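# Results of the structural survey
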Amino acid sequence: MTMKKVIGVITARMASTRLPGKVLKKMAGKSIFGHHVERMKNVKRLDGVFLATSVDPKNKDLIEEAEKLGCGWYAGAEQDIVDRHIKLCERENADAVIRVTCDSPIFDIESASRFVEEFKKESWDYIYVSNMTMIQGTLSELISCNALLEVHKHYRGAAVSQYIKENMDKFKAIGIEIDIDLCRPEYRLTIDEAIDIEMIRQIYEALYNGNPLDLHNVYTWLDDNPNVGKMNMH
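Heads up: these notes are all about the structure in this document. Here the structure is a predicted model, which is why all the values come from computation and not from measurement.

## A few points about the overall build of the chain
In terms of regular secondary structure, the chain is built from nine helices and nine strands. For 234 residues, the compact-globule formula gives about 17 Å, and the C-alpha radius of gyration of the chain, at 17 Å, lands near that figure. With respect to the principal axes defined by its C-alpha atoms, the chain has extents near 50 × 40 × 30 Å. When the 234 residues of the chain are sorted by exposure, 53% land in the buried category.

This is the structure in structure tokens:
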């Protein structure tokens, strides 16, 4: 039996509507994209890490950064984000992707590793965390190539798993629970606006020592520094 192949895919582009070029802004000596790559490379049993970007010429610097970091890449249609994932799966012969957008520079490595482990044991269409919301910026998700192909018949936009979530009966999905200490919806660790970058930069500058931040330590530090934790509450 051939071992199933899972790749890590980071969706990123330079032309963000609110914060153009945010993915290459620096935090603790590395670009925001660089921190995503480092975290993805620490997901256990992953078979490669890739950037999924668009053909927009503005992404040239981002592609160069990916190459410098030893991260593969694919540039596809600006609007058809689902297709970018499918093309990467087909080109790399992958059975599934661990998917994260480039606005989650402290996404949880442990749950992503569990997704890979679950998928290599048994084929699933979709694996997600059931006891915490993705909107806070700390979670990834696993989507099989077959599920991506099905999604693509109905949808192409940025919320890649939306169609799956709305039609769970059509997919073989499993939710896993993470440590209750990591369920902290009161903190927003996603980058949408300039204030988010400032907040997360403060976390990185306080805690980063050249290794991926541990989410437990991040929450402990935020509890001890409520002024930082509240910066982006609006």
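## Describing the nonpolar core
Counting residues in each nonpolar core, the largest one holds 56 residues, and the members touching the most others are Phe 33, Met 40, Ile 98, Ile 106, Leu 189, Ile 203 and Leu 222. Counting 22 residues, the second largest nonpolar core, distinct from the first, contains Ile 7, Ile 81, Val 97 and Val 151.

## Comments concerning helix α8 (residues 215-224)
What sets the pattern is the α-helix's 3.6 residues per turn: residues three or four places apart point alike. The complete set of buried residues in α8 reads Leu 215, Val 218, Tyr 219, Trp 221 and Leu 222. Down the axis of α8, the buried set is contained in an arc of 160°. They therefore lie on one face. Where the residues of α8 are buried, they touch α7 (194-207) and α9 (226-229). The N-cap residue of α8 is Asp 214: its side-chain oxygen and the backbone nitrogen of His 216 are 2.7 Å apart.

## Digging into the pairing of strand β7 (residues 126-129)
Relative to strand β8 (residues 141-144), β7 runs antiparallel, the two being bridged by two bridges. Bridge pairing in β8 places Tyr 126 opposite Ile 143. Bridge analysis of β7 against strand β9 (residues 173-176) gives four bridges, and the strand direction is parallel. For Tyr 128, the partnering residue across the bridge sits in β9 and is Gly 175.

## Points about the side chain of Asn 59
Position of Asn 59 among the secondary structure elements: in the loop between β4 (49-54) and α2 (60-68). Contact partners of Asn 59, with chain neighbours within four places excluded, come to Arg 13, Met 14, Thr 53 and Ser 54.

## Quick notes on the state of the cysteines
Overall, the coordinates contain zero disulfides when judged by the stated rule. Distance from the sulfur of Cys 71, which forms no disulfide, to the nearest cysteine sulfur (Cys 102) is 9.8 Å. The buried category is assigned to Cys 71, whose relative accessible area is 3%. By relative accessible area, Cys 102 is classed as buried at 4%.

## Things to note about the packing of α7 against α8
At their nearest, the axes of α7 and α8 sit 11 Å apart, and the two run at 105° to each other. In terms of orientation, α7 and α8 fall into the roughly perpendicular class. Contacts between α7 and α8 involve Met 199, Gln 202, Ile 203, Ala 206 and Leu 207 from the first element and Asn 217, Val 218, Trp 221 and Leu 222 from the second. Grouping the constituent residues of the contact of α7 with α8 by class yields seven nonpolar, two polar and no charged.

## A closer look at unusual backbone geometry
Even without glycine at this site, Ala 28 takes up a positive phi of about 50°. In this fold, Ala 28 is placed in the loop between β2 (26-27) and β3 (30-31).

## What to know about the packing of helix α3 (residues 81-92) against helix α5 (residues 145-152)
α5 packs onto α3 with a crossing angle of 145° between their chain directions and a minimal axis gap of 9 Å. The two elements α3 and α5 meet at a crossing, and its hand is left-handed. Residue-level inspection shows Val 82, Asp 83, His 85, Ile 86, Cys 89 and Glu 90 of α3 in contact with α5, the latter providing Cys 145, Leu 148, Leu 149, Val 151 and His 152. Partitioned by chemical class, the residues of the contact of α3 with α5 number seven nonpolar, two polar and two charged.

What counts as what
- Residues numbered from 1 in each chain as written.
- Predicted model: local features only at pLDDT ≥ 70, side-chain atom pairs only at ≥ 80, totals over all residues.
- Heavy atoms only, no water.
- Helix = DSSP H or I, 4+ residues; strand = E, 2+ residues; numbered from the N terminus.
- Rg over C-alpha atoms; globule rule 2.2 N^0.38 Å.
- Buried < 20%, exposed > 50% of the residue type's maximum accessible area, 1.4 Å probe, protein only.
- Core = buried A, V, L, I, M, F, W, Y, C linked by side-chain atoms within 4.5 Å.
- Arc of directions from axis to C-beta.
- Contact = heavy atoms within 4.5 Å.
- Polar contact = N/O pair within 3.5 Å; in protein donor to acceptor, adjacent residues only side chain to side chain.
- Pairing = 2+ DSSP bridges.
- Disulfide = S-S within 2.5 Å.
- Axes fitted to C-alpha atoms, helices over the stretch in contact; angles between N-to-C directions.
- Parallel < 35°, antiparallel > 145°, perpendicular 65-115°, else oblique.
- Nonpolar A, V, L, I, M, F, W, Y, C, P; charged D, E, K, R; others polar.
- Left-handed = near helix turned anticlockwise from the far one by under 90°.

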